[in-house]
Amino acid sequence: MGRVGVLLLNLGGPDKLEDVGPFLFNLFSDPEIIRLPFRWLQKPLAWFIASRRTATSQENYKQIGGGSPLRQITEAQGEALKEQLHYLGQEANIYVGMRYWHPYTEEAIALLTQDNIDNLVILPLYPQFSISTSGSSFRLLERLWQEDPKLQRLEYTVIPSWYKEPGYLQAMAELIRQEIDQFPNADQVHVFFSAHGVPKSYVEVAGDPYQQEIEECTALIMQTLNRPNPHTLAYQSRVGPVEWLQPYTEDALKELGAQGVKDLVVVPISFVSEHIETLQEIDIEYREIAEEAGIHNFRRVPAPNTHPVFIRALADLVIDALNKPSFKLSQAAQIKKRVKMYPPESWEWGMTTSAEVWNGRIAMLGFIALIVELITGQGLLHLIGILQ
């Protein structure tokens, strides 16, 4: 088989407060995050948004220690995965490729190319596939493969999604069980799954399988948990006037409070590492909403991070992928019948979403109309106003 490598894909986040501005600029320079009718607008608009949002975003990061822990945790996951694979008899080099901050995906590809890797497993650290998370990274990798003849000679396989992996489900069930057992009436605790949201058009127009995979994953985790607890699935991080997947987390919390729920355990289902959306959005913002709604016993399930059962699940995924026929980046666009990796014109302009993207509550609302205003010279004050 030769030298084996595993490329772990994630979004990335600013390591320290000084990184927040450049991180936001990188983020909004990506046409997969803001789709514009004219590419020449991309970087000037990215600079403008980043300049307006840096201070607010930095305040959020100050609440969680001054930076994102995502790189540190992802690298720890990589080290743990390497050790677990060694224990299982499979030697492998582990590479971390972030989409919008160091170490960038391009940096990881350069390293594995220097290391003369013969067989590569591409493993996104998103259990559920979405065109805006795993799909965005796959598009970048496709471009890198097309541009580099050396990469084209590399044997590789992609794991597009893995939310059904038994070890992952078991790890999630164990983490939930540990939290609900802290309550005196454990079987009555309400289990609240909070997933990162996406605009509804992603599912209904572009055919993104994300919602289906999230719903199936929730059911499988509850089945693995095998407890009688009631549960709810909701979607967080909504911004803008367009409709996103529902119910929204903040609305669902208020409704449960109105129903008299007092004991709640929140499960960050679409996240496998602690970051701004678990540590700040759930732990601070949603906790406050829950308490105001009368839910006074609020606990959150930790992200899997380096949980041994979770790391073993990742190792099993890698070994299984190495022993199966390869799955190519071009196939990732076809994993569900209706998925289009390159969305049609009807929804092409506007903003996409991803974990850590909305850390500053970036309110780029009604983007198509706004671009029209900008082009006609009437929208600059409007844009300034909604970014304040």
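All values derive from a computational prediction rather than experimental measurement.

1. Brief notes about the UniProt feature "binding site: Fe(2+)" (unreviewed entry) in the protein chain
Inference 1: When the UniProt feature table is mapped onto this chain, "binding site: Fe(2+)" (unreviewed entry) is found at His196 and Glu277. Spanning 82 residues, the annotated positions come together in the fold, the maximum distance between their C-alpha atoms being 8.6 Å.
Inference 2: Assignment of secondary structure puts His196 in strand β6 (residues 190-196).
Inference 3: Residue position: Glu277 is located in helix α11 (residues 276-292).
Inference 4: A polar atom in the side chain of Glu277 sits 3.2 Å from the side chain of His196.

2. Some words on the nonpolar core
Inference 1: Counting residues in hydrophobic clusters, the biggest one holds 76 residues, and the most contacted among them are Val6, Ile122, Trp145 and Tyr168.
Inference 2: The greatest single-element share of this core, amounting to nine residues, is contributed by helix α12 (residues 308-322).
Inference 3: Residue assignment places this core across two domains, with domain 1 (4-163 + 308-350) and domain 2 (166-300) each supplying three or more.
Inference 4: Setting aside residues up to four positions removed in sequence, Val6 forms contacts with Leu81, Leu85, Ala92, Asn93, Ile94, Tyr95, Leu120, Val121, Leu123 and Val318.
Inference 5: By size, the runner-up hydrophobic cluster in this structure holds 19 residues, among which are Leu24, Tyr100, Trp101 and Tyr104.

3. Section: α12
Inference 1: Taking 1.5 Å of rise per residue, the 15 residues of α12 would be expected to cover 21 Å, and the 21 Å separating its terminal C-alpha atoms lies within 8% of that figure.
Inference 2: For α12, the set of buried residues is Phe310, Ile311, Ala313, Leu314, Ala315, Leu317, Val318, Ala321 and Leu322.
Inference 3: In this structure, the buried residues of α12 make contact with β1 (4-10), α3 (70-87), β4 (119-124), β5 (155-158) and α7 (166-180).

4. Description of the packing of aromatic side chains
Inference 1: All chains considered together, the criterion is met by seven aromatic pairs.
Inference 2: One residue, Arg238, lies across the ring of Tyr248, its end atom 3.8 Å from the ring centre.
Inference 3: Sitting above the plane of the Tyr156 ring, Lys328 keeps its charged end 4.1 Å from the centroid.

5. With respect to the sheet that holds β6
Inference 1: Spatial ordering of the open sheet is given by β7-β6-β8-β9, a layout of four strands whose pairing is parallel. If you trace the sheet from one side to the other, it starts and ends with β7 (231-236) and β9 (297-300), each paired once. On average, adjacent strands in this sheet sit at an angle of 25° to one another, irrespective of strand direction.
Inference 2: Here four bridges tie strand β8 (residues 263-268) to β9, and the two strands are oriented parallel to one another. Paired with Asp263 across the two strands is Asn297, which belongs to β9.

6. Examining the sheet that holds β1
Inference 1: If you walk across this open sheet you meet the four strands as β3-β1-β4-β5, and the pairing is parallel. Bordering the open sheet on either side are β3 (93-98) and β5, each of which pairs with just one other strand. Mean inter-strand twist for the sheet, computed between neighbouring axes without regard to direction, equals 20°.
Inference 2: Set on the sheet, helix α4 (residues 105-114) makes contact with β1, β3 and β4; between it and β3 the angle comes to about 155°.
Inference 3: The strands that helix α5 (residues 134-147) touches are β1, β4 and β5; relative to β4, the one it contacts most, it runs at about 150°.

7. What about the pattern of salt bridges?
Between side chains of opposite charge, a pair can form when the charged atoms approach closely.
Inference 1: What the rule picks out here adds up to 15 salt bridges.
Inference 2: In this structure, Glu250 and Arg238 form a salt bridge, with 3.0 Å as the shortest nitrogen-oxygen distance. Linking Glu250 in helix α10 (residues 249-258) with Arg238 in the loop between β7 and α10, this pair joins segments that are twelve residues apart in sequence.
Inference 3: Here Arg238 falls in the partly exposed class, since its relative accessible area comes to 30%.

8. What to know about the pairing of β8
Inference 1: Of all six residues in β8, six are buried, a share of seventy percent or more.
Inference 2: Residues Asp263, Val265 and Val267 of β8 are buried on one face, and the alternating residues Leu264, Val266 and Pro268, pointing to the opposite face, are buried as well.
Inference 3: In the sheet, β6 pairs with β8 via five bridges, with the strands oriented parallel. The residue bridging His190 from the neighbouring strand is Leu264, located in β8.
Inference 4: Handedness of the β8-α11-β9 crossover: right-handed.

9. So, helix α9 (residues 210-225)
Inference 1: Between its terminal C-alpha atoms α9 stretches 22 Å, which fits the 22 Å expected from 16 residues at 1.5 Å a residue.
Inference 2: For α9, the complete set of buried residues consists of Tyr210, Glu213, Ile214, Cys217, Thr218, Ile221, Met222 and Leu225. Take α9 and look down its axis: the buried residues cluster within an arc of 165°, on one side only.
Inference 3: The inward-facing, buried residues of α9 abut α7, β6 and β7.
Inference 4: In the segment just after α9, Asn226 is the residue with positive phi, at about 55°.

10. Topic: the environment of Leu24
Inference 1: Topologically, Leu24 is positioned in helix α1 (residues 20-29).
Inference 2: The exposure class of Leu24 is buried, given its relative accessible area of 0%.
Inference 3: Remark: the alpha-carbon pair of Leu24 and Arg53, spanning 29 residues in sequence, is separated by 8.1 Å.

Analysis parameters
- Residues numbered from 1 in each chain as written.
- Predicted model: local features only at pLDDT ≥ 70, side-chain atom pairs only at ≥ 80, totals over all residues.
- Heavy atoms only, no water.
- UniProt positions renumbered as here; feature names shortened; annotations may be inferred.
- Helix = DSSP H or I, 4+ residues; strand = E, 2+ residues; numbered from the N terminus.
- Polar contact = N/O pair within 3.5 Å; in protein donor to acceptor, adjacent residues only side chain to side chain.
- Core = buried A, V, L, I, M, F, W, Y, C linked by side-chain atoms within 4.5 Å.
- Buried < 20%, exposed > 50% of the residue type's maximum accessible area, 1.4 Å probe, protein only.
- Domains from an automatic or database assignment.
- Contact = heavy atoms within 4.5 Å.
- Expected span 1.5 Å × (residues − 1).
- Phe/Tyr/Trp six-rings, centres within 6.5 Å; stacked < 30°, edge-to-face > 60°.
- Lys NZ or Arg CZ within 6 Å of the ring centre and 35° of its normal.
- Pairing = 2+ DSSP bridges.
- Axes fitted to C-alpha atoms, helices over the stretch in contact; angles between N-to-C directions.
- Salt bridge = Lys/Arg side-chain N within 4 Å of Asp/Glu carboxyl O.
- Right-handed = clockwise from strand over helix to strand, strands pointing away.
- Arc of directions from axis to C-beta.

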